[in-house]
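# Notes for the structure review
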Amino acid sequence: MSSNSDTASGYAIVDPDRVENPYDGTDVPGEFRRLTDPLGCDQLAVTLIRVPPHSDFEQGTGHFHDEVEELYLVTRGTLTWRLGDDIRTVTAPAAVRVAPGTPRSHRNENAEPVEMWAVSRRIARADATKIDAFWEASADASQRA
């Protein structure tokens, strides 16, 4: 991991491409780079999420948070989201706020890669609940074998 920080000045600079992607070597397409600790964040949680073309990053599952509100900043590409019972198409640049308790998932059904940032309040305990079989597989976002 490459980072520059100066605790006396109160800042940190991190190259997200040098932060571990826990999905390397798995069949989960894309990247999920947690920058919270490398940045030394006390109050925020920050994750860079990259979803390759035609892939279902969460593989048909979804999740919700008990108390954490999330802000997703879509900076490249177009995502198909399921937010509660709604299906929405979100094209960069866009900001998507998701309230606690709202089930959510996303997938890239297009030919362009997606890049987005997830930002929330940092809490000291796990807050996410996974939802299996949250939505049907998309023919436009097939999984790697």
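Bear in mind that the values here come from a model prediction, so they are computed numbers and not experimental data.

Procedures and definitions
- Residues numbered from 1 in each chain as written.
- Predicted model: local features only at pLDDT ≥ 70, side-chain atom pairs only at ≥ 80, totals over all residues.
- Heavy atoms only, no water.
- Core = buried A, V, L, I, M, F, W, Y, C linked by side-chain atoms within 4.5 Å.
- Buried < 20%, exposed > 50% of the residue type's maximum accessible area, 1.4 Å probe, protein only.
- Helix = DSSP H or I, 4+ residues; strand = E, 2+ residues; numbered from the N terminus.
- Contact = heavy atoms within 4.5 Å.
- Pairing = 2+ DSSP bridges.
- Axes fitted to C-alpha atoms, helices over the stretch in contact; angles between N-to-C directions.
- Polar contact = N/O pair within 3.5 Å; in protein donor to acceptor, adjacent residues only side chain to side chain.
- Salt bridge = Lys/Arg side-chain N within 4 Å of Asp/Glu carboxyl O.
- Phe/Tyr/Trp six-rings, centres within 6.5 Å; stacked < 30°, edge-to-face > 60°.
- Lys NZ or Arg CZ within 6 Å of the ring centre and 35° of its normal.
- 1 Å grid on protein atoms, 1.4 Å probe; cavity = no way out; pocket = protein on both sides within 12 Å on 5 of 7 lines; lining within 4 Å.
- Points joined across faces, edges and corners; volume = space filled by probe spheres on them.
- Nonpolar A, V, L, I, M, F, W, Y, C, P; charged D, E, K, R; others polar.

### What to know about the nonpolar core
Counting residues in hydrophobic clusters, the biggest one holds 15 residues, and the most contacted among them are Ile49, Val51, Tyr72, Leu79, Trp81, Val96 and Met116. Elements that contribute at least two residues to this core include exactly strand 4 (44-51), strand 6 (70-76), strand 7 (78-83), strand 9 (94-98) and strand 11 (114-121). Leaving out residues up to four positions away in the same chain, Val96 has contacts with Glu70, Leu71, Tyr72, Leu83 and Val90. In this structure, Val19, Leu35, Val46 and Leu48 belong to the second largest nonpolar core, which totals five residues.

### Brief notes about the sheet that holds strand 4
With antiparallel pairing, the five strands of this open sheet are ordered in space as 3-4-11-6-9. At either end of the open sheet lies a strand with only one pairing partner, and these are strand 3 (31-34) and strand 9. Averaged over neighbouring strand pairs, the angle between their axes works out to 20° when direction is ignored. The pairing of strand 6 with strand 11 spans six bridges and is antiparallel. Of the residues in strand 11, the one forming a bridge with Leu73 is Trp117.

### A short note on the environment of Glu70
Considering the arrangement of structural elements, one finds Glu70 in strand 6. Exposure remark for Glu70: the relative accessible area of 10% places this residue in the buried category. Separated by 58 residues in sequence, Glu70 and Ala12 place their C-alpha atoms 22 Å apart. Sequence-distant contacts of Glu70, defined by excluding residues within four places in its chain, comprise His63, His65, Val96, Arg97, Val98, Arg104, Ala118, Val119 and Ser120. In this structure the side chain of Glu70 is engaged in a polar contact, spanning 2.5 Å, whose partner is the side chain of Tyr72.

### Concerning the pattern of salt bridges
One pass over the structure, following the stated rule, counts 15 salt bridges. Linking Arg121 and Glu67 is a salt bridge whose minimum nitrogen-to-oxygen distance equals 3.2 Å. Note that Arg121 is positioned in strand 11 and Glu67 in the loop between strand 5 (62-65) and strand 6, a separation of 54 residues in sequence. Note on Arg121: relative accessible area 44%, which makes it partly exposed. Linking Arg104 and Glu70 is a salt bridge whose minimum nitrogen-to-oxygen distance equals 2.4 Å. In this pair, Arg104 is assigned in strand 10 (residues 104-107) and Glu70 in strand 6, connecting sequence segments 34 residues apart.

### Observations concerning the packing of aromatic side chains
Scanning the model with the defined rule gives two aromatic pairs in all. Relative to Trp81, the ring of Tyr72 has its centre 4.8 Å away and its plane inclined at 65°; by these criteria the two rings are edge-to-face. Assigned by exposure class, Tyr72 and Trp81 land together as buried. The ring of Phe134 is capped by Arg82, whose NZ or CZ atom sits 4.1 Å from the centre of that ring.

### Quick word on the layout of surface pockets
Remark: the empty space left among the atoms is shown by a probe the size of a water molecule rolled over them. The calculated volume of the largest pocket comes to roughly 950 Å³. Those elements that provide at least two residues to the lining of the largest pocket are strand 3, helix 1 (36-39), strand 4, strand 5, strand 6, strand 11 and strand 12 (128-131). Counting residues per element, the lining of the largest pocket draws most heavily on strand 11, which supplies four residues. Across the lining of the largest pocket, the residue classes break down as 13 nonpolar, 10 polar and nine charged.

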